[in-house]
Amino acid sequence: MLSPFELRGAMKDVHPITTVWRFLQPLLFGQVHTNKQAITAHYDIDPEFFLSFLDPITPCYTQGVYERDDETLDVATLRKFDYCFEKLKLKPGDRILEIGPGWGAWFEYAAKRGIKCTGITISKVSIDYLNRRAKELGHEWELIDADLLAYTTDRKYDAIVIMGVIEHLPQYQSVLEKFASLIKPGGLIFLDGSACTKKYELSSYMVKYIYGGNHSFLVLHDFLDKLAKTPLEVLEIQNDRHSYFLTFQQWARNFDNNRDFVIERFGEFNYRRFRLYLWGAAYEFLSRSLDCYRMFIRAPGKGIADPNELRADALAIVGPAS
C-alpha cells in the first residue's frame with residue numbers, strides 16, 4: 001500500500017470550490033463554529049472505530065518515539081510518555097491541562113502517577129468515552145466541553161500538553177496567547193504535531209474525507225515567529241519524522257487486520273477512506289514530504305533563573321561544545 005502513493009506527484013489536485021470553501025467557512029460562521037464542524041466530522045464516531053487501529057494497550061492518536069524499527073507501538077508510546085513526564089518536571093498533585101485528550105492514554109499514564117488531569121475538547125464522543133473510562137478506573141478527570149480559543153478561566157495550570165492537536169489550531173498567535181494565560185509562572189508546555197513548510201497545504205482528498213475546515217500541518221517557522229511575540233520561550237525542539245512513519249504504518253496494519261470488523265460495523269466507505277488516509281500519511285513521512293516536531297516551551301517564572309538550568313536548556317538545543 002505504500003508503493004501506489006509514489007504516483008501522487010504526477011497527479012493534479014485542482015479543486016477550486018473545495019479550496020475556497022475551506023477558508024470561506026470561518027469567515028462566514030466564525031473559527032469556533034468551523035472547528036466544531038471539523039472535529040465533529042472526524043472524531044465523533046463510535047470510539048471502536050479509532051480503537052480498531054490505535055494501539056490496543058496505549059490508544060494514543062499521535063506518534064510514539066521509536067529507538068528501533070522493530071519495537072511495538074506500545075513501547076514507543078510509553079517511551080514518549082516517560083520523556084514528556086520527565087521533561088515537564090511533573091510531580092504528584094500537579095494539575096495539567098491536556099488539549100484534545102482523545103481516548104485517555106496520556107490521562108491514564110499521568111493519573112497513575114498522582115497527576116490531576118483536566119482535558120478540553122469539543123468532541124462529545126470523546127467526553128462521554130473518557131467519563132466512562134474514568135469511572136471504570138476510579139479516576140477523577142475533569143472534562144471541559146469548550147473550544148480552546150473560547151475557553152476562559154482564572155485557574156493556572158502547572159503544565160499544558162497538546163499532542164497532535166496543533167494541526168487543528170493554525171491560529172498560532174491566538175493559541176500561544178491562550179497558553180500564556182493558562183500556564184503558571186515557570187510552567188512548561190509539551191507540544192507535538194505533524195508538520196510541513198507551507199501553511200494550509202492539504203490535499204483535496206484530506207479536506208473532503210478526513211479533515212475539513214482550515215486544518216493545517218504545523219508550520220514551524222510561522223509558529224516560532226508568533227511565539228517570539230509572546231513571553232513564552234522554546235527550550236527544546238526535535239524532529240522525529242521516522243517515528244511518525246513507523247506509527248502510521250502500524251496503525252494502517254492494525255486497520256487492515258481489523259478490516260472485517262470495521263466494514264461490518266462502519267461500512268466499506270469508512271474503511272476505504274481511512275485506509276487511504278493511514279497508508280497515505282505513512283508514505284508522506286517516509287518520503288519526507290511531512291515532518292514531525294515535538295517541543296517544550298516555558299512560561300517566564302518569578303525571579304532570576306538558575307544559571308545551571310539555563311545552561312542545561314542551552315545544551316538541549318545546541319548540544320555540548322566540541
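Quantities reported herein were computed from a predicted structural model and do not represent experimental measurements.

K.L.:
With reference to specific residues and values, describe the pattern of salt bridges.
P.N.:
Taken as a whole, this structure holds 23 salt bridges when the rule is applied. For R79, the salt bridge identified is with E71, shortest N-O distance 2.8 Å. Across the salt bridge formed by R241 and D291, the nearest N and O atoms sit 2.6 Å from each other. In this pair, R241 is assigned in helix 10 (residues 241-257) and D291 in strand 7 (residues 291-298), connecting sequence segments 50 residues apart. Here R241 and D291 have matching classes, each one buried. Salt bridges sharing common partners tie together E67, R68, D70, E71 and R79.

K.L.:
Can you break down the confidence of the model for the protein chain residue by residue, with the values?
P.N.:
On average, the protein chain scores 88 in pLDDT, and the residues at 70 or more come to 83%. In the model, residues 303-307 has pLDDT below 50 throughout and makes 1 contact with residues more than four positions away in sequence or in other chains.

K.L.:
Help me get a handle on unusual backbone geometry, residues and values and all.
P.N.:
Outside of glycine, negative phi angles account for most residues, and trans bonds account for most peptide bonds. Even without glycine at this site, K89 takes up a positive phi of about 55 degrees. Turning to its location among the elements, K89 is positioned in the loop between helix 4 (73-87) and strand 1 (95-99). K89 gets classed as exposed once you look at its relative accessible area, which sits at 54%. The phi torsion at R288 lies on the positive side, around 70 degrees, for a residue other than glycine.

K.L.:
Provide a residue-level description of the environment of L137, including the pertinent values.
P.N.:
Along the chain, the position of L137 falls in helix 6 (residues 124-137). L137 gets classed as partly exposed once you look at its relative accessible area, which sits at 35%. Sequence separation of L137 and E108 is 29 residues, and the distance between their C-alpha atoms is 8.5 Å.

K.L.:
Can you break down the packing of aromatic side chains residue by residue, with the values?
P.N.:
Enumeration over the complete set of coordinates arrives at 34 aromatic pairs. Ring geometry for Y244 and W251: centres 6.4 Å apart, planes at 80 degrees, overall edge-to-face. A single burial state applies to Y244 and to W251, both of which are buried. Ring geometry for F274 versus Y277: centroids 5.2 Å apart, planes at 85 degrees, classification edge-to-face. Linking F274 with Y277, this pair stays in helix 11 (residues 259-286), spanning 3 residues, or about one helical turn. Assessed through its relative accessible area of 0%, F274 is described here as buried.

K.L.:
Residue-level account of helix 4, with values.
P.N.:
Between the first and last C-alpha of helix 4 there are 21 Å, a value that for 15 residues agrees with the 21 Å anticipated at 1.5 Å per step. Residues of helix 4 that are buried: L73, D74, A76, T77, K80, F81, Y83, C84 and F85. Downstream of helix 4 by one or two residues, K89 has phi in the positive range, about 55 degrees.

K.L.:
Requested: an account of the nonpolar core, with residues and values cited.
P.N.:
Ranked by size, the top nonpolar core spans 68 residues in total, and within it Y61 and W106 carry the most contacts. Residue contributions to this core peak at 11 residues, all from helix 11. Of all hydrophobic cores here, the second largest spans 32 residues; its members include I99, F179, Y293 and I297.

K.L.:
Explain the pairing of strand 4 (residues 157-163) to me, using residue names and the numbers behind them.
P.N.:
The element strand 4 is largely enclosed, with a buried count of 7 among its 7 residues. Here strand 1 runs beside strand 4; their pairing, made up of 3 bridges, is parallel. The partner of L97 across the bridge, within strand 4, is I160. Inspection of the sheet shows strand 4 paired to strand 5 (residues 183-195) by 6 bridges, in the parallel sense. Bridge pairing in strand 5 places Y157 opposite I183.

Cut-offs and rules
- Residues numbered from 1 in each chain as written.
- Predicted model: local features only at pLDDT ≥ 70, side-chain atom pairs only at ≥ 80, totals over all residues.
- Heavy atoms only, no water.
- Salt bridge = Lys/Arg side-chain N within 4 Å of Asp/Glu carboxyl O.
- Helix = DSSP H or I, 4+ residues; strand = E, 2+ residues; numbered from the N terminus.
- Buried < 20%, exposed > 50% of the residue type's maximum accessible area, 1.4 Å probe, protein only.
- pLDDT = per-residue confidence, 0-100.
- Contact = heavy atoms within 4.5 Å.
- Phe/Tyr/Trp six-rings, centres within 6.5 Å; stacked < 30°, edge-to-face > 60°.
- Expected span 1.5 Å × (residues − 1).
- Core = buried A, V, L, I, M, F, W, Y, C linked by side-chain atoms within 4.5 Å.
- Pairing = 2+ DSSP bridges.

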